[in-house]
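# Coordinate analysis (summary)
The residues making up each chain are set out below.
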Amino acid sequence: AVLFTAFIKGTHDIFKLDLGNGEIANLTRDDYFEKAPAVSPDGRSVGYSIRLDDTDKLFLSPLADLSQKTQLTFGPGNTVSPSFSADSRRIYYVGDVREAFNIYSVDLTNGEVKRYTDVSTGNFFPSAHPADPGTLFFSSFNKGSYQVFSARLEGTVEDRVTFAALGSAEPPRRFT
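Residues numbered from 1 in each chain as written. Predicted model: local features only at pLDDT ≥ 70, side-chain atom pairs only at ≥ 80, totals over all residues. Heavy atoms only, no water.

## Some points on the pairing of strand β10 (residues 102-107)
Note the following rule: Relative accessibility under 20% of the residue-type maximum defines a buried residue, over 50% an exposed one, and the middle range a partly exposed one, all with a 1.4 Å probe and only protein chains included. The helix and strand labels rest on DSSP assignments: H or I over at least four residues marks a helix, E over at least two residues marks a strand, and numbering proceeds from the N terminus. Strand pairing is defined by DSSP finding a minimum of two bridges between the two strands.
In terms of residue burial, β10 counts as a mostly covered element, since six of its six residues are buried. Here β10 shows a buried face lined by Asn102, Tyr104 and Val106 and a second buried face lined by Ile103, Ser105 and Asp107. Relative to β10, strand β9 (residues 90-95) runs antiparallel, the two sharing six bridges. Along β10, the bridge assignment pairs valine 94 with isoleucine 103. What sits between β9 and β10 in their antiparallel hairpin is a turn of six residues, with glutamate 99 showing a positive phi close to 70 degrees.

## Describing the sheet that holds strand β2 (residues 11-17)
Cut-off, in case you're wondering: Geometry is summarised by axes, namely lines fitted to C-alpha atoms with helices restricted to the contacting stretch, and by angles between N-to-C directions that run from 0 to 180 degrees.
Taken in spatial order, the three strands line up as β1-β2-β3 in an open sheet, and their pairing is antiparallel. On the outer flanks of this sheet lie β1 (2-8) and β3 (24-26), each paired with one strand and no other. For this sheet, the mean inter-axis angle between neighbouring strands, taken without regard to orientation, is 35 degrees. By the bridge criterion, three bridges tie β2 to β3 in an arrangement that is antiparallel. Note on β3: the bridge partner recorded for lysine 16 is alanine 25.

## Comments concerning the pattern of salt bridges
As a working rule, side chains carrying opposite charge can pair if their charged atoms are close by. What counts, and what does not: Salt bridge, as used here: a side-chain nitrogen of Lys or Arg that lies within 4 Å of a carboxyl oxygen of Asp or Glu.
Using the criterion set out here, one finds eight salt bridges in the structure. Between aspartate 118 and arginine 98 there is a salt bridge whose closest N-O contact spans 3.1 Å. Remark: arginine 98 occurs in the loop between β9 and β10 and aspartate 118 occurs in the loop between β11 (112-115) and β12 (123-129); sequence separation between them is 20 residues. Through salt bridges with shared partners, a single ionic network connects Asp30, Glu34 and Lys69.

## Description of the sheet that holds β10
One open sheet accounts for five strands, arranged β8-β9-β10-β11-β15; its pairing is antiparallel. In the strand order of this sheet, the two ends are held by β8 (79-84) and β15 (156-160), each with one partner. Here the average twist between neighbouring strands, direction ignored, is 30 degrees.

## Considering the packing of aromatic side chains
Short version of the rule: Note on ring pairs: Phe, Tyr and Trp rings are taken, using the six-membered ring of Trp, and paired if centres are within 6.5 Å. Classes follow the plane angle, with under 30 degrees stacked, over 60 edge-to-face and the rest tilted.
In total, this model carries nine aromatic pairs according to the counting rule given. With a centroid separation of 5.7 Å and 55 degrees between ring planes, the pair formed by tyrosine 92 and tyrosine 116 is classed as tilted. With a gap of 24 residues between them, tyrosine 92 in strand β9 and tyrosine 116 in the loop between β11 and β12 connect regions that are remote in the sequence. Considering the side-chain rings of phenylalanine 138 and phenylalanine 149, the 5.9 Å spacing of their centres and the 25 degrees angle between planes classify their relative orientation as stacked. You can see phenylalanine 138 sitting in strand β13 (residues 132-142) and its partner phenylalanine 149 sitting in strand β14 (residues 145-152), a full eleven residues away along the chain. According to the relative accessible area criterion, phenylalanine 138 is buried, its value standing at 9%. Judged by its relative accessible area of 29%, phenylalanine 149 falls in the partly exposed class. Among the aromatic residues, those joined into a cluster by ring pairs are Phe101, Phe124, Phe125, Phe141 and Tyr146.

## Comments concerning the environment of tyrosine 93
Position of tyrosine 93 relative to the elements: it lies in strand β9. For tyrosine 93, a relative accessible area of 4% corresponds to the buried category. Separated by 60 residues in the primary sequence, tyrosine 93 and leucine 153 have C-alpha atoms spaced 14 Å apart.

Here you go:
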C-alpha cells in the first residue's frame, strides 16, 4: 500500500492506495490539514504534519487508526518532512525555528529533540541510511542550487518534550 495526501472537497486528508486492487481509502476523514505521511519501518506507525493555526507540527498515529493523533513537536516554527530511523524509534524532520530549515529529530521513547544542522539556506527531506544509523541523506540548498548530501551527524540536544494526544475539545482553525 501507498499513503498519500489529497485535497478533496475542501479537506486535506491522508489516503491509502491498495496496490493489489487499486482501491483508495480515506484514512483520516477530518477537518485537519494533514500532509506528508511517512510509515515507520516496523509498519506500526505513521508520522505526518498537521497545519495548526499558522504552523505545521509533527504528529504520530498508529497505522491501524489515524484518528489517534499524538503531537510530537511544539513551540514556534514549522516542523515538516518526517522520516523514521531504521529502528522506528526516532523521527527525523526539518524545522524552521532558527529562521531556516534545519534537520532535527525527536526520540519516540524519551521525547529528546536533537538538532543536526545549522544553516541559513535550508536542508530538506532527511532520510536515515538503512544500514548505517549514524548517517543521514538530505537535500540542501547550497550555492544557488539543490544538492543531495550524505553525512554522519551527531546532533545537539535542544529540548525534551512530552507528547500530547490531540484533543477534540477545540477544533482546528480550518485551512483556507
